[in-house]
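# Observations on the model geometry
Here are the chains, one letter per residue:
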Amino acid sequence: REDRGRSPQRDFHILFVPRRSLLCEQWLKEQGVLGSFIHREQYSLDLIPFDGDLLSMESESAFKECYLESDQTSLYHAAKGLMTLQALYGTIPQIFGKGECARHVANMMIRMKREFPGSQNSIFPVFDTLLLLDRNVDLLTPLATQLTYEGLIDEIYGIQNTYVKLPPEKFAPKKQGEGGKDLPTEPKKLQLNSAEELYAEIRDKNFNAVGSVLSKKAKIISAAFEERHHAKTVGEIKQFVSQLPHMQAARSSLANHTSIAELIKDITTSEDFFDNLTVEQEFMSGIDTDKVNNYIEDCIAQKHPLIKILRLVCLQSVCNSGLKQKVLDHYKREILQTYGYEHILTLNNLEKAGLLKPQTSGRNNYPTIRKTLRLWMDDVNEQNPNDISYVYSGYAPLSVRLAQLLARPGWRSIEEVLKMLPGPHFEERQQLPTGLQKKRQHGENRVTLVFFLGGVTYAEIAALRFLSQMEDGGTEYVIATTKLINGTSWIKSLMEKLEPAPF
Amino acid sequence: AFTFDDEDDELSQLKESKRAVNSLRDIVDDDDDDLERVSWSGEPVGSISWSIKETASSSTSLLEGRDSSLQKGSSSYAALPKQVSSYSLSSLFKGRNKLPSFQCLSDALSDTGVKNYAPELRRPKAEYKDYSSDWSPKDTVRRMQRGKVCSLERFRSLQDKLVLLDEAVAGHDGNVITAVLIFLKRTLRREILFRELEVRQVALCHLIHFLKETGEQKLLLDLLRFLDRTEEVALSQYREHLNIQDVEKRREFLKGCIGLPFSAEDTSHIQDHYTLLERQIIIEANDRHLETTGQSEIFRKYPRKASILNMPLVTTLFYSCFYHYTEAEGTFSSPTNLKKTFKIPDKQYVLTALAARAKLRAWDDVDALFTTKNWLGYTKKKAPIGFHRVVEILQRNNAPVQVLQEYVRLVEDVETQLNLATKYKCHDVVIETYRDLKDRIQLTAYKCKVERGSAEEEKINSILNN
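Values in this document were obtained by computation on a predicted structure and should not be read as measured data. (Residues numbered from 1 in each chain as written. Chains lettered and ligands numbered in written order. Predicted model: local features only at pLDDT ≥ 70, side-chain atom pairs only at ≥ 80, totals over all residues. Heavy atoms only, no water.)

This part is about the overall build of chain B. Counting its regular elements, chain B contains 25 helices and two strands. If you take every contact in chain B between residues at least 6 apart in sequence, the share linking residues at least 24 apart comes to 51%. (Helix = DSSP H or I, 4+ residues; strand = E, 2+ residues; numbered from the N terminus. Contact = heavy atoms within 4.5 Å.)

Set out below in structure tokens:
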């Protein structure tokens, strides 16, 4: 309204992205400004491609809405996104799923298909299978600290829409003679995706394996630049010069990632990181999950950031199928006394989401699940991994394990364990018009689209990519999700907003 | 139907009839996209050729005197001063997309001046408002899902409304469900609404979410109470305290929360929250007074950086150990009083007191924390936390080496002890430990870590030579 008075010449338009919200319009109406907008439109963004094999809705509140507030609107949009996908890439003949939300999305897809019979198209299906997974089938994985290169960048600095902002000191260009007085103060912004060759090579590796790749790369690039001394003929020099931009790009890419790796190494070699990781791994391998943990208590006493504490206690709770009432009360009391009583509201949310709750059945299912699905692998090889557990240096993400077993040998072999995980599991088939039924050639991979309802981590993405490039894997994976998350952003979305709303 | 131009000075005598004709719009089924409106000159209204003709022949006039009843979707435009050309392509597309609202028109009225207008290529009205009376609940929901604004007013009977709601829920689009709920909330008696929602879980969840977002606290609480979701009522009400800035009012509010149906554990936390704030108010008033009058030395030396109000319990304890350490248990601000009132465990208490006294460099107080007299009268040092933690905290506060050393000596695990001693340069401890371990090699190696000619070096030498 103020703005309007100031500049009566201005037209105001409002563009709702990704979709208009009646709630929003209602509020605008109440404020008396709804009519001031000349255009009220929505720009529908359902699934946004983040990379060649990655799609995200970037719906931050999807998990909270679905699991805390029983509002499944974001699932409706996920279904719509999938319909669009099918319109472009062909009907997906097989749908598998695990979880309440998965079931809901599948039902909506089938219904939407029925209601728009004209959408039957004649495109050869690109995807053989769709796997819908509820985030709450695997609450453990996002809580653990990711150990892939990209995962660590996200954990420490936070990747937003493929961009990361880094402390600028290590990126200042080294100029001879300048005493560093012109150090940049703006954080360094870098884009991270597979268009960058080096990044594509190292992003999904365990961080401990990145160093050797970088040093090998450094040698190759140095050698390439040395070539200029060997170039004798005009032809050779010309060839060298034509390669120059590519080599320069490679060198700058190497410089950037060497700096990033150094920044990360400072953190991963710190005592605190090591202590934190040790406790995480103890929990994940089933050690002492039923007692109050000393390290957690120490961290609370030293008033470490609350989200770190919450991640750890939730991890313990999930690895114990819920905490004993005494242990839970003890943690809650310490947290409330140290960080403030108002956090009762957040703790309540975490309980509702199943992350931090009392053990109800008196039974701890986690060891059975862990053993049957081989979630903890002692003999992990970080340099040359042979199993997806390398992404957490020992823990195989439950969600990815389920995808892996679905492809081979199929879920029938893990019926018992599946029943221990929340939500129904199901299979649906969608009719393909005759003539479009694909017969896979020998050696040709199936393509599976894995849709994580509630969020996915970069480590899980790395694990799926690992499966894709396995020699005799047989399946290639494309990943879709409601949001790219890490433990911190995920827990944050579940925390109660403690400042009063601005209006 | 015909439209009249808005040039009042030419047609002012026809205002009445103009209004009458234009209001015919309400009666006519305007939803028919096929009907084209044609102007006097025979061009379809809204077409480019028509707009060119109109602007060419118009004189300056404004949209004065139009009241809201006329503006429903009619294409209005302001004629231009003759000098300005309106035939440029861009001008044909500039202009306003009329929405049937009064505010919009008033904007048009106020926004006079040189503005390129042409009646833009108007979108079919069907896009914006639904005037038909015939859409079934199912179809209404469909249209809403596609973003069309529908009037729900004609769903008068309870039956109709419920069918509409069920259709909306079946359609899964949250926006539509919310829209229907807003309508029902407005047009149904509360008891009926609650009763019907009780058996419609999805719609219920949407309404609760909506009430939370819009801050309609009272209605939300009534609903939750009706559903017997007592704990949620309690938590929801408690949440409101965050909106109260004034401490006294907040304190009162928290007091009121105590009787609410929280779970047993949570009840004690809420009670503590109230008690804590109550204490903090007293302490704050008192300390502010001490500060301003300059009576107390400690406040002079270490002026407070922030008020203690609304701080967590442990922070309050630290504050109390810092500024009020020596006070007797009877006062509200004494640490021992806090410990007792809130049942703070020994571990937490000792850690906090240690941190506070170490910051003040009150090493004697630190000493006293760990000294206990046993029944024989001998003093002994023990701690509910490992002594390595004590050392860490002391070191962080730059305790002198002599003090550090004393506590390093008390660390039980030899390896940790050695590590800490080496790290913090507690030479005597290192030397003594190596001596006790009879480790000549390490002892000799350690010589290079001490200053030449220092007492430590001598000590090493004398041990080695024996």
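The discussion continues.
Here we come to the overall build of chain A. Scanning chain A for helices and strands turns up 19 helices and 12 strands. Every one of the 503 residues in chain A was classed for burial, and the buried ones make up 53%. Considering only contacts in chain A between residues 6 or more positions apart, those separated by 24 or more positions represent 77%. Of the accessible surface of chain A, which amounts to about 23,800 Å², a share of 52% is contributed by carbon and sulfur atoms. (Buried < 20%, exposed > 50% of the residue type's maximum accessible area, 1.4 Å probe, protein only. Areas by Shrake-Rupley, 256 points an atom, 1.4 Å probe, with all protein chains shown as cover.)

Attention shifts here to the domain arrangement of chain B. All names here are of chain B. The domains assigned to chain B are domain 1 (136-228), domain 2 (358-420) and domain 3 (426-465). Centre-to-centre separation of domain 2 and domain 3, based on C-alpha positions: 23 Å. Counting residues at the interface gives eight residues for domain 2, matched by nine residues for domain 3. Buried surface at the junction of domain 2 and domain 3, summed over both partners, amounts to about 700 Å²; 69% is from carbon and sulfur atoms. Considering only the surface of domain 2 that becomes buried against domain 3, Q405, R409 and L418 emerge as the three largest contributors, covering 65% of it. There are one salt bridge connecting domain 2 and domain 3. Of the charged contacts, one joins R409 and E432 as a salt bridge, the two residues approaching to 3.2 Å between their closest N and O atoms. (Domains from an automatic or database assignment. Buried area = accessible area lost by both parts, 1.4 Å probe. Salt bridge = Lys/Arg side-chain N within 4 Å of Asp/Glu carboxyl O.)

All names here are of chain A. This structure, assessed with the given rule, holds 45 salt bridges over all chains. D51 is the partner of R203 in a salt bridge, and the nearest nitrogen-oxygen pair spans 2.9 Å. Taken as a pair, R203 in the loop between helix 7 (197-202) and helix 8 (210-230) and D51 in strand 3 (residues 48-51) lie far apart in primary sequence, 152 residues in all. Note on accessibility: R203 and D51 belong to one class, buried. The network of salt bridges with common partners includes D288, D290, K291 and K324.

This paragraph deals with the packing of aromatic side chains. Tallied over the entire structure, the rule returns 19 aromatic pairs over all chains. Considering the side-chain rings of F63 of chain A and W490 of chain A, the 5.1 Å spacing of their centres and the 65 degrees angle between planes classify their relative orientation as edge-to-face. Within this pair, whereas F63 of chain A is found in helix 3 (residues 62-67), its partner W490 of chain A is found in helix 19 (residues 487-494), the two being separated by 427 residues in sequence. The same class applies to F63 of chain A as to W490 of chain A, namely buried. Between the aromatic rings of Y89 of chain A and F127 of chain A, the centroid separation amounts to 6.3 Å while the plane-to-plane angle is 75 degrees, which identifies the pairing as edge-to-face. Here Y89 of chain A, found in helix 4 (residues 73-89), pairs with F127 of chain A, found in the loop between helix 5 (100-115) and strand 6 (129-134); they are 38 residues apart in sequence, far enough to count as distant. Three or more aromatic residues link up through ring pairs in this structure, and these residues are F299, Y302, F318, Y319, F322 and Y323 of chain B. Of note, R251 of chain A hangs over the ring of F225 of chain A, and the distance from its end group to the ring centre comes to 4.3 Å. (Phe/Tyr/Trp six-rings, centres within 6.5 Å; stacked < 30°, edge-to-face > 60°. Lys NZ or Arg CZ within 6 Å of the ring centre and 35° of its normal.)

This brings us to the domain arrangement of chain A. Many descriptions give the size of an interface as the accessible area lost when the pieces come together. For chain A, the assigned domains are domain 1 (12-42), domain 2 (46-141 + 397-502), domain 3 (149-168 + 188-269) and domain 4 (272-363). The distance between the C-alpha centroids of domain 3 of chain A and domain 4 of chain A comes to 39 Å.

We now examine the sheet that holds strand 7 (residues 159-160) of chain A. All names here are of chain A. If you trace the three strands from one edge of the open sheet to the other, you get 7-8-9, paired in antiparallel fashion. Every other strand in the sheet has two partners, leaving strand 7 and strand 9 (188-191) as the edge strands with one partner each. By the bridge criterion, four bridges tie strand 8 (residues 163-166) to strand 9 in an arrangement that is antiparallel. Counted as the bridge partner of L166 is K188 from strand 9. (Pairing = 2+ DSSP bridges.)

Our focus in this paragraph is unusual backbone geometry. Put simply, R408 of chain A and P409 of chain A share a cis peptide bond, and its omega is 0 degrees. Mapped onto the elements, P409 of chain A comes out in the loop between helix 16 (398-407) and helix 17 (415-420). Within the chain, N310 of chain B stands out as a residue other than glycine whose phi angle is a positive 65 degrees. By secondary structure assignment, the location of N310 of chain B is in the loop between helix 15 (297-301) and helix 16 (313-323). N310 of chain B sits in the partly exposed class, given a relative accessible area of 33%. Positive phi, close to 60 degrees, is recorded for R361 of chain B, a residue that is not glycine. For R361 of chain B, the position within the fold is in the loop between helix 18 (346-359) and helix 19 (363-370). Note on R361 of chain B: relative accessible area 43%, which makes it partly exposed.

A word on the pairing of strand 3 of chain A. Residues and elements named next belong to chain A. Bridge analysis of strand 3 against strand 4 (residues 54-56) gives three bridges, and the strand direction is antiparallel. Opposite D51, over in strand 4, you have L54 as the bridge partner. Where strand 3 folds back onto strand 4 in an antiparallel hairpin, the turn is made up of two residues.

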